[in-house]
Amino acid sequence: MQVSEAARFTAMMTRSAELKRRVATELADAVIGVVDACEASLRGGGKLLFCGNGGSAADSQHLATEMLIRLRGSHERASIAALALTLDPAVLTACGNDYGYDRVFERPLRGLGRAGDVLFGITTSGRSGNVIRALQAAREMRIVTVGLLGGGGEPALSHCDLALLVPDTETARIQECHIALGHAVLELLEDRIVARALS
């Protein structure tokens, strides 16, 4: 018996909601740990860096923009130092051509990153070679590494100081949770920053 598109849609939304409910229960402490690391970095003059491929590249740019420009209209605050390592096509193509695609995030990170920064490596499979190389370089540079991961998380998970691991293998559902987790981290972080500015 063929399942209707309406039923398929309902199943997609239900699965997404159930996965978010599970993440909300299981990752609360991990999220607070990431917020703590980001706040400590920013207080010390550091910045937030993001990298990922495809949809995760778009998430990197999305999350960096929320900090650099504005997350919520109800919260007026100064711009927060954040950068997506996916932004410059000249840099990405030059590095891909000269050093190989596996180094497109590592190479600019080595020039732009500083000890005390926080790097978010976003990979739904945990196997993105260029994200893993960036995480490895970040650890060498004493940059805090945060993984937004999916599936089992490995091998990227082994290179993360902190991880938000979505326990699923379907890329779309993982990405839906990644952007929700990213927004949650940034909203909690922004609340702390605004409260500090007012105190």
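Before reading on, note that the structure itself is shown above.
Residues numbered from 1 in each chain as written. Predicted model: local features only at pLDDT ≥ 70, side-chain atom pairs only at ≥ 80, totals over all residues. Heavy atoms only, no water.

A. Examining the pattern of salt bridges more closely. The final tally for this structure, using the stated rule, is 20 salt bridges. Residues Glu-106 and Arg-133 are paired through a salt bridge, measuring 3.0 Å at the closest nitrogen-oxygen approach. In this pair, Glu-106 is assigned in helix H5 (residues 106–112) and Arg-133 in helix H6 (residues 129–140), connecting sequence segments 27 residues apart. Several salt bridges converge on common partners, so that one network encompasses Arg-15, Asp-168, Glu-170, Arg-173 and Glu-176. (Salt bridge = Lys/Arg side-chain N within 4 Å of Asp/Glu carboxyl O. Helix = DSSP H or I, 4+ residues; strand = E, 2+ residues; numbered from the N terminus.)

B. Representation of helix H2 (residues 28–43). Compared with an ideal rise of 1.5 Å per residue, which puts 16 residues at 22 Å, H2 spans 23 Å between its outermost C-alpha atoms and is within 8% of the ideal. All of the buried residues in H2 are Val-31, Gly-33, Val-34, Val-35, Ala-37, Cys-38, Glu-39, Ser-41 and Leu-42. Positive backbone phi, approximately 85°, marks Gly-45, located one or two places after H2. (Expected span 1.5 Å × (residues − 1). Buried < 20%, exposed > 50% of the residue type's maximum accessible area, 1.4 Å probe, protein only.)

C. Geometry of the side chain of Ser-56. Tracing the backbone through its elements, the reader meets Ser-56 in helix H3 (residues 55–68). Excluding anything up to four places from it in sequence, Ser-56 contacts Ile-122, Thr-124 and Gln-175. (Contact = heavy atoms within 4.5 Å.)

D. Local environment of the sheet that holds strand S5 (residues 162–166). The 5 strands are arranged S2-S1-S3-S4-S5 in an open sheet whose pairing can be described as parallel. Looking along the sheet, the strands with just one partner apiece sit at the ends: strand S2 (82–84) and S5. Between one strand axis and the next, the sheet turns through 15° on average, direction left out of account. Taken together, the 6 bridges between strand S3 (residues 118–123) and strand S4 (residues 144–150) define a ladder with parallel strand orientation. By the bridge assignment for S4, Gly-121 is matched with Gly-147. Along the sheet, H2 makes contact with strand S1 (48–52), S3, S4 and S5, crossing S5 at roughly 140°. Running over the sheet, H3 touches S1, S2, S3 and S4 and is turned about 160° from S1. (Pairing = 2+ DSSP bridges. Axes fitted to C-alpha atoms, helices over the stretch in contact; angles between N-to-C directions.)

E. Representation of the nonpolar core. With 32 residues, the main nonpolar core has Leu-48, Met-67, Phe-120, Leu-164, Leu-181, Val-185 and Leu-189 as its most contacted residues. With 8 residues, the single largest contributor to this core is helix H7 (residues 171–198). Here Val-185 is in contact with Val-31, Val-34, Val-35, Phe-120 and Leu-164, once residues within four sequence places are set aside. (Core = buried A, V, L, I, M, F, W, Y, C linked by side-chain atoms within 4.5 Å.)

F. Up close: a nonpolar patch on the surface. Taken together, Phe-9, Met-12 and Met-13 make up a surface patch of nonpolar side chains, about 280 Å² in accessible area. Its place among the elements puts Met-12 in helix H1 (residues 5–26). For Met-12, a relative accessible area of 33% puts it in the partly exposed group. (Patch = residues over 30% accessible without salt bridge, like charges linked within 9 Å, V, L, I, M, F, W, Y side chains within 5 Å. Areas by Shrake-Rupley, 256 points an atom, 1.4 Å probe, with all protein chains shown as cover.)

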